[in-house]
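Breakdown of the fold
Residues per chain, in single letters:
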Amino acid sequence: MKKVDPVPLPRRPPRRGMLARRIRDLVTDGAFSYASHAFDSVDGPDADLADALDILTTGTIVGEIVPGKDAGEWTCRMVGKIDKSSRRLSVVSVVIRDLHVFLINVAWEEPRK
């Protein structure tokens, strides 16, 4: 039987700009889903799926990009404003094998002081 060499997956996180661009592309193409509890921690004004998708297409990655539970997954937090106020919405998502975005958590961030 012939030995099959595994295809190596990247061990280093992708660059922020590249990952943000990939998330935007996947969301625009409709390649996303969300956890049933993703919007449970939204306190204050309601945020809905349209708001979360707006952040994923216009926001910026803040904090670390960390490996997910499985190979080929990257978890990050994107933040942005959805209206003219100072409130910022945070969306934690996982990019799965560069093919799908899974929203884990959506929450308002504490205002900066």
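Counting restarts for each chain, with residues numbered from 1 along the sequence as it is written. Totals for whole chains, interfaces and linings use every residue, but because this is a predicted model, local features are given only for residues with pLDDT of at least 70 and side-chain atom pairs only at 80 or more, for both listing and counting. The side-chain numbers reported here are obtained from all heavy atoms of the structure, hydrogens and water having been left aside.

**Let's talk about the overall build of the protein chain**
Definition in use: The way it works is that DSSP assigns letters per residue, a run of H or I at least four long becomes a helix, a run of E at least two long becomes a strand, and they are numbered from the N terminus. We call a residue buried when its accessible area falls under 20% of the maximum for its residue type, exposed when it is over 50%, and partly exposed in between, using a 1.4 Å probe and counting protein chains only. In this description, contact between two residues means that some pair of their heavy atoms is separated by no more than 4.5 Å. Accessible surface area values rest on a Shrake-Rupley calculation with a 1.4 Å probe, where residue burial reflects the displayed protein chains alone.
Per the secondary structure count, the protein chain includes two helices and five strands. Listed by position from the N terminus, the elements making up the protein chain come as α-β-α-β-β-β-β. Going through the 113 residues of the protein chain one by one, you find that 33% of them count as buried. Of all intrachain contacts in the protein chain linking residues separated by at least 6 positions in sequence, the fraction that spans at least 24 positions is 55%. Within the structure as shown, the protein chain displays about 7,700 Å² of accessible surface, and the carbon and sulfur contribution to it stands at 54%.

**A few points about the pairing of strand β5 (residues 100–108)**
The criterion, for reference: The pairing criterion for strands is at least two bridges between them, as found by DSSP.
Bridging between strand β1 (residues 32–34) and β5 involves three bridges; their strand directions are parallel. Residue pairing across strands places Y34 opposite L103, the latter belonging to β5. As paired strands, strand β4 (residues 89–96) and β5 are joined by eight bridges and run antiparallel to one another. Residue V92 lies in a different strand from β5, and its bridge partner there is N105. If you look at the hairpin formed by β4 and β5, you'll find three residues sitting between the two strands, and R97 has a positive phi there, around 50 degrees.

**A closer look at helix α2 (residues 49–58)**
Stated precisely, the cut-off is as follows: Counting of polar contacts relies on pairs of N or O atoms within 3.5 Å, with two restrictions inside protein: one atom must be capable of donating a hydrogen and the other of accepting it, and residues adjacent in sequence are counted only when both atoms are side-chain atoms.
All of the buried residues along α2 are D51, A52, L53, I55 and L56. Contact partners of the buried residues in α2: α1 (16–28), β1, β3 (73–80), β4 and β5. The backbone nitrogen of A50 lies 3.2 Å from a side-chain oxygen of the residue at the head of α2, namely D48.

**Focus on the pattern of salt bridges**
The condition that has to hold: What counts as a salt bridge is simple: a side-chain nitrogen of Lys or Arg found within 4 Å of a carboxyl oxygen of Asp or Glu.
For the structure on display, the rule yields four salt bridges. Residue R22 is joined to D98 by a salt bridge in which the shortest nitrogen-to-oxygen separation is 3.6 Å. On the criterion of sequence distance, the pair formed by R22 in helix α1 and D98 in the loop between β4 and β5 is long-range, its members being 76 residues apart. Judged by relative accessible area, which is 27%, R22 ranks as partly exposed. One salt bridge connects E109 with R77, and the closest N-O pair in it is separated by 2.1 Å. You can see E109 sitting in the segment after β5 and its partner R77 sitting in strand β3, a full 32 residues away along the chain. Residues participating in the shared-partner salt-bridge network are R77, R88 and E109.

**Observations concerning the nonpolar core**
Basically, it comes down to this: Residues enter a nonpolar core if they are buried and are Ala, Val, Leu, Ile, Met, Phe, Trp, Tyr or Cys, with the set joined through side-chain atoms within 4.5 Å.
The biggest cluster of nonpolar side chains holds 24 residues, and the ones touching the most others in it are I23, L56, M78 and V106. Of all elements in the fold, only α1, α2, β2 (60–67), β3, β4 and β5 reach the threshold of two or more residues within this core. A per-element tally of this core places α1 first, with five residues. Ignoring any residue separated from it by four or fewer positions in sequence, one finds I23 in contact with L56, C76, M78, S93, V95 and V101.

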